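Secondary and tertiary structure notes
What follows is each chain in one-letter form.
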Amino acid sequence: MEELAEGAFKAILRFIRFILLEAICEFLIYWVGRIFLNIVTLGNYPRGRQVEDHEGRIICTGFAVIILTIVLISLYV
């Protein structure tokens, strides 16, 4: 009986972890990357279909911006 409860608890925790990671990737990192790219390119990239086609690049850019921001803050504070 304990094994069933433990398995259900692990499944719930995995689901919560998936939701949190998805929310962080989808909202925080994606939007940081998209806003940064729009500022740097003065609104020329990403637009229209490019948003869907280059979603991975936008997320990578957002991740890099967040990491660089953390590094710069840690260096100067």
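The notes below deal with the structure included here. (Residues numbered from 1 in each chain as written. Predicted model: local features only at pLDDT ≥ 70, side-chain atom pairs only at ≥ 80, totals over all residues. Heavy atoms only, no water.)

1. A word on unusual backbone geometry
Here the bond from Tyr 45 into Pro 46 is cis, since omega is -10 degrees, no more than 30 degrees from zero. Take Pro 46: it is sitting in the loop between α1 (2–40) and α2 (49–53). Phi is positive for Leu 42, close to 55 degrees, though the residue is something other than glycine. Tracing the backbone shows Leu 42 in the loop between α1 and α2. (Helix = DSSP H or I, 4+ residues; strand = E, 2+ residues; numbered from the N terminus.)

2. Let's talk about the pattern of salt bridges
Taken as a whole, this structure holds 1 salt bridge when the rule is applied. Linking Asp 53 and Arg 49 is a salt bridge whose minimum nitrogen-to-oxygen distance equals 3.4 Å. Of the two residues, Asp 53 and Arg 49 both sit in helix α2, 4 residues apart, roughly one turn of that helix. On the basis of relative accessibility, which here comes to 47%, the residue Asp 53 falls in the partly exposed class. (Salt bridge = Lys/Arg side-chain N within 4 Å of Asp/Glu carboxyl O. Buried < 20%, exposed > 50% of the residue type's maximum accessible area, 1.4 Å probe, protein only.)

3. A look at a nonpolar patch on the surface
Taken together, the side chains of Phe 9, Ile 12, Leu 13, Phe 15, Ile 16, Phe 18, Ile 19 and Leu 20 define a hydrophobic patch exposed on the protein surface, amounting to about 820 Å² of accessible area. The topology assignment puts Phe 15 in helix α1. A relative accessible area of 54% places Phe 15 in the exposed class. (Patch = residues over 30% accessible without salt bridge, like charges linked within 9 Å, V, L, I, M, F, W, Y side chains within 5 Å. Areas by Shrake-Rupley, 256 points an atom, 1.4 Å probe, with all protein chains shown as cover.)

4. Some details on the environment of Arg 57
By the secondary structure assignment, Arg 57 is in helix α3 (residues 55–76). With 14 residues separating them along the chain, Arg 57 and Gly 43 place their C-alpha atoms 16 Å apart.

5. A look at α3
For α3, with 22 residues, the first-to-last C-alpha span of 32 Å sits near the 32 Å given by 1.5 Å per residue. What α3 keeps buried is the set Ile 58, Thr 61, Gly 62 and Val 65. The buried residues of α3 occupy an angular sector of 100 degrees when projected down its axis, which confines them to one face. Those residues of α3 that are exposed and aimed more than 90 degrees away from the buried face are Cys 60, Ile 70, Ser 74 and Leu 75. (Expected span 1.5 Å × (residues − 1). Arc of directions from axis to C-beta.)

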